[in-house]
Amino acid sequence: MKAFYDNDDDESMAPAVHFENVGVRYGMGPEVLRDLTFSIEPHSFQFLTGPSGAGKTTLLRLILLSVKPTRGLISLFGEDVSRISKDELTDLRRRMGVVFQDFRLLDHLTTYENVALPLRVQGKEEASYRNEVVELLRWVGLGDRMHMLPPVLSGGEKQRAAIARALIVRPDLLLADEPTGNVDPSLARRLLRLFIELNRLGTSVVIATHDFSLMDQLNVRRLVLGDGQLHIDE
Amino acid sequence: MSDLPPPRSSKPPPQQQGQRPLPASLRRNAPLVPVDSAGGRALAAVIAILTFLAALCAGGAELVATSSEQWRSDIAREVTIQVRPNAQRAIQADVDRAVALARQTPGVQDVQAFTREESERLLEPWLGTGLDFDDLPVPRLIVLKLEARARPDFGPLRQALKEQVPGATLDDHALWVSRLSTMANTIIGIGAALVVLVLVAAGLAVTFATRGAMAGNRDVVEVLHFVGASDDFIAREFQRRFFKLGLRGSAAGAGAALLLTVLLGFVTRSWRASPAGDQIEALFGTFSIGWRGYAIVVLIALAVAVITGIVSRLTVRRFLNGNG
Ligand SMILES: Nc1ncnc2c1ncn2[C@@H]1O[C@H](COP(=O)(O)OP(=O)(O)O)[C@@H](O)[C@H]1O
Ligand SMILES: [Mg+2]
């Protein structure tokens, strides 16, 4: 029993993300990212920044395991991901929430169904999460949009739906790719508050952005990508 | 966006008085994997046609099976002894001796000898009336009716006839029955093979449709993976979708086949008076397939729907494993 608890402690103390000398290239192209070594600690908050094309999205996709590194080591929640099974991959993804730059809402599902999706795919009963989803939708200001299909939502509304979908499972790690790219500054501030609140509840947050006015609102760690390499501003 | 509520604390805020009530059901039960309706309709139509064909094959085979069983048992229950006239012998004595021998054989229920007049009457259709049969060596027939399900051994009877009634031959129709059985079994086998072929074709159609749906929904599948869906969950979603499509198609096909059977039943009944109707009836029975026929058609419809679901699920699993 003791070993079990030790193990559990180890895991909760392990960084949410750890990269060691990671490099990646697309196909036969040049290395987009090289020699990345960094960690994302539990309960931490950081921006990931760099000019457009610097590799922010690629870095997030590495963490999401949708792109394989060409070299180096990646571990998530203390687990080496190079040879994990599909079931373990599913478990890891259930601990992560992701807001895509292009939202990736499913157009044939209502806003409500989109936000409830991470719970539905875990096989949960609809009655068990209905209140929670509706509450979150109202909280992000989509209370009167929940029966609508994404194609009729505005860019800002889609963005909030995408964020709500990432938050609904209260993930251990939240990855957001330019989550304020489509909204005006005042809404951007409100969305940032949402992420801060989530972080306060225990989630590690990584926000990829090249919006300096957004980053200037918070004095947190910055991971800066440039020329394929990573430079960290504590 | 000043209506954005304050961030929630770690405990959700209590429901406020002025808040709108929850809608009774938010769920539209939309399938997670959209199968575009044109493709879905096409697949349902293909499945309906294939089920229709399979049901007809199975129904036909069933019809042959049932009527051939009747023929076979009727024919097999009758054995004949033919006594050929011989100038050196008294034919009536030979017939009587043969009858007595037949009566002694176990499993024989009834023995009836055709009289001379009856035998002559049997020939009338071929030779016409008004002929003087006295000059003709008309053979005499003895018909043995067997007990139901009895399979008597005719060896001793045959031997006894050979010794005591030289002009007699025993015909137990074994050759006939076996030929008839072979023919009926061949038809039934062909019917069953056609059903299997049609089911395989349905499976292939579903495979292609599933692959198309997977390719068309690559983005959806990717999102499902990102939000934590397992391959098994995704495969089950496809299975559910295709099972419903398959059930719709196969129900339509089976319904059409049953309707056709009922119509043919009416038509043959109205033909029954005519000689052609007699012949058709002799061949196929009364064209009303019994409960067994209906059960087979319903079973085929269910089998097609189940095959549709399972094949789509396996196809998805293979597809996901190949792309992961
Ligand atoms: N799927 C891809 N195939 C080939 N090259 C890609 C692909 N995705 C991104 N790249 C390249 O990788 C580099 C980094 O892109 P990206 O990660 O999208 O940057 P950012 O998100 O910071 O704008 C760019 O040069 C881009 O052209
Ligand atoms: Mg990007």
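It should be emphasised that the depicted structure is a prediction, and the values quoted were computed from it without experimental measurement. (Residues numbered from 1 in each chain as written. Chains lettered and ligands numbered in written order. Predicted model: local features only at pLDDT ≥ 70, side-chain atom pairs only at ≥ 80, totals over all residues. Heavy atoms only, no water.)

1. Examining the overall build of chain B
What chain B contains, in helices and strands, is nine helices and four strands. Listed N to C, the secondary structure of chain B is α-β-α-β-α-β-α-β-α-α-α-α-α in terms of helices and strands. The burial tally for chain B puts 38% of its 324 residues in the buried class. By sequence separation, contacts in chain B at least 24 residues apart represent 83% of the contacts at least 6 residues apart. For chain B, the computed accessible surface area is about 18,500 Å², with 61% contributed by carbon and sulfur atoms. (Helix = DSSP H or I, 4+ residues; strand = E, 2+ residues; numbered from the N terminus. Buried < 20%, exposed > 50% of the residue type's maximum accessible area, 1.4 Å probe, protein only. Contact = heavy atoms within 4.5 Å. Areas by Shrake-Rupley, 256 points an atom, 1.4 Å probe, with all protein chains shown as cover.)

2. Quick look at a nonpolar patch on the surface
Residues and elements named next belong to chain B. Together, Phe-243, Leu-247, Val-298, Leu-302, Val-306, Ile-310 and Leu-314 make up an exposed nonpolar region whose accessible area comes to about 570 Å². Looking at the nonpolar patch, the elements that each hand over two or more residues are α7 (231–271) and α9 (291–323). Top element by residues in the nonpolar patch is α9. It accounts for five residues. Counting through the fold element by element, Val-298 comes out in helix α9. The exposure class of Val-298 is partly exposed, given its relative accessible area of 45%. (Patch = residues over 30% accessible without salt bridge, like charges linked within 9 Å, V, L, I, M, F, W, Y side chains within 5 Å. Salt bridge = Lys/Arg side-chain N within 4 Å of Asp/Glu carboxyl O.)

3. So, the pairing of strand β10 (residues 229–233) of chain A
Residues and elements named next belong to chain A. Sheet topology places strand β9 (residues 221–226) next to β10; five bridges connect them, and they run antiparallel. Of the residues in β10, the one forming a bridge with Gly-226 is Gln-229. Between β9 and β10, which pair antiparallel in sequence order, lie two residues; one of them, Asp-227, sits at a positive phi of approximately 50°. (Pairing = 2+ DSSP bridges.)

4. Focus on the coordination of the magnesium ion (ligand 2)
Residues and elements named next belong to chain A. Thr-57 (OG1) and Gln-101 (OE1) make up the full set of protein donors to the magnesium ion (ligand 2), lying at 2.0 to 2.6 Å. Placement of the pair is Thr-57 in helix α2 (residues 56–63) and Gln-101 in the loop between β6 (96–99) and α4 (111–120), with a sequence separation of 44 residues. Its relative accessible area of 32% is what places Thr-57 among the partly exposed residues. (Donors = N, O, S within 2.8 Å, 3.2 Å for Na, K, Ca; no water.)

5. A few points about unusual backbone geometry
Residues and elements named next belong to chain A. With a phi angle near 50°, Asp-35 is a residue other than glycine that sits in the positive phi range. The residue Asp-35 is located in strand β2 (residues 31–40) in this model. The exposure class assigned to Asp-35 is partly exposed, which follows from its relative accessible area of 39%. The backbone phi angle of Leu-65 is positive, close to 60°, even though this residue is not glycine. Summarising the element assignment, Leu-65 is placed in the loop between α2 and β4 (71–76).

6. Overview of helix α3 (residues 116–127) of chain B
With 12 residues, α3(B) extends 16 Å between its outermost C-alpha atoms, agreeing within 8% with the 16 Å of an ideal straight helix rising 1.5 Å per residue. Looking one or two residues beyond α3(B), the residue adopting positive phi is B:Gly128, at roughly 85°. (Expected span 1.5 Å × (residues − 1).)

7. As for the environment of B:Ala193
All names here are of chain B. Take Ala-193: it is sitting in helix α5 (residues 174–216). For Ala-193, a relative accessible area of 41% corresponds to the partly exposed category. Taking the C-alpha atoms as reference, Ala-193 lies 9.1 Å from Cys-57; in sequence the two are 136 residues apart.

8. Quick word on the site of ligand 1
Residues and elements named next belong to chain A. Around ligand 1 lies a shell formed by Tyr-26, Val-32, Pro-51, Ser-52, Gly-53, Ala-54, Gly-55, Lys-56, Thr-57 and Thr-58. Gly-53 places a main-chain nitrogen or oxygen 2.7 Å from an oxygen atom of ligand 1. One of the backbone N or O atoms of Ala-54 is found 3.3 Å from an oxygen atom in ligand 1. Take the shell around ligand 1: its biggest share by element is three residues, from α2. Each residue belonging to the shell around ligand 1 can be placed in one class, and the counts come to four nonpolar, five polar and one charged. (Near = heavy atom within 4 Å. Polar contact = N/O pair within 3.5 Å; in protein donor to acceptor, adjacent residues only side chain to side chain. Nonpolar A, V, L, I, M, F, W, Y, C, P; charged D, E, K, R; others polar.)

9. Notes on the confidence of the model for chain B
All names here are of chain B. In this model, chain B carries a mean pLDDT of 80, and residues with pLDDT of at least 70 account for 82%. The least confident element of chain B, judged by mean pLDDT, is helix α8 (residues 275–284) at 61; the most confident is helix α6 (residues 218–226) at 93. Low pLDDT (under 50) marks residues 1–18, which in the prediction has 27 contacts with non-local residues, meaning those over four places away or in another chain. Across the interfaces of the predicted complex, the ipTM metric reaches 0.90, alongside a pTM of 0.75. (pLDDT = per-residue confidence, 0-100.)

10. Some thoughts on the pattern of salt bridges
Under the definition given, this model contains 19 salt bridges over all chains. We note a salt bridge from A:Arg71 to A:Asp35, for which the minimum N-O separation is 3.3 Å. Remark: A:Asp35 occurs in strand β2 and A:Arg71 occurs in strand β4; sequence separation between them is 36 residues. Overall, A:Arg71 belongs to the partly exposed group, its relative accessible area being 34%. Put simply, B:Asp232, B:Arg236, B:Arg313 and B:Arg317 are held in one network by salt bridges that share partners.

11. Comments concerning the sheet that holds β10(A)
All names here are of chain A. Spatially, β6-β7-β8-β3-β9-β10 is the arrangement adopted by the six strands of the open sheet, whose pairing is mixed. Looking along the sheet, the strands with just one partner apiece sit at the ends: β6 and β10. In this sheet, neighbouring strand axes are inclined to one another by 15° on average, regardless of whether the strands run parallel or antiparallel. Note that strand β7 (residues 173–177) and strand β8 (residues 204–208) share five bridges and pair parallel. (Axes fitted to C-alpha atoms, helices over the stretch in contact; angles between N-to-C directions.)

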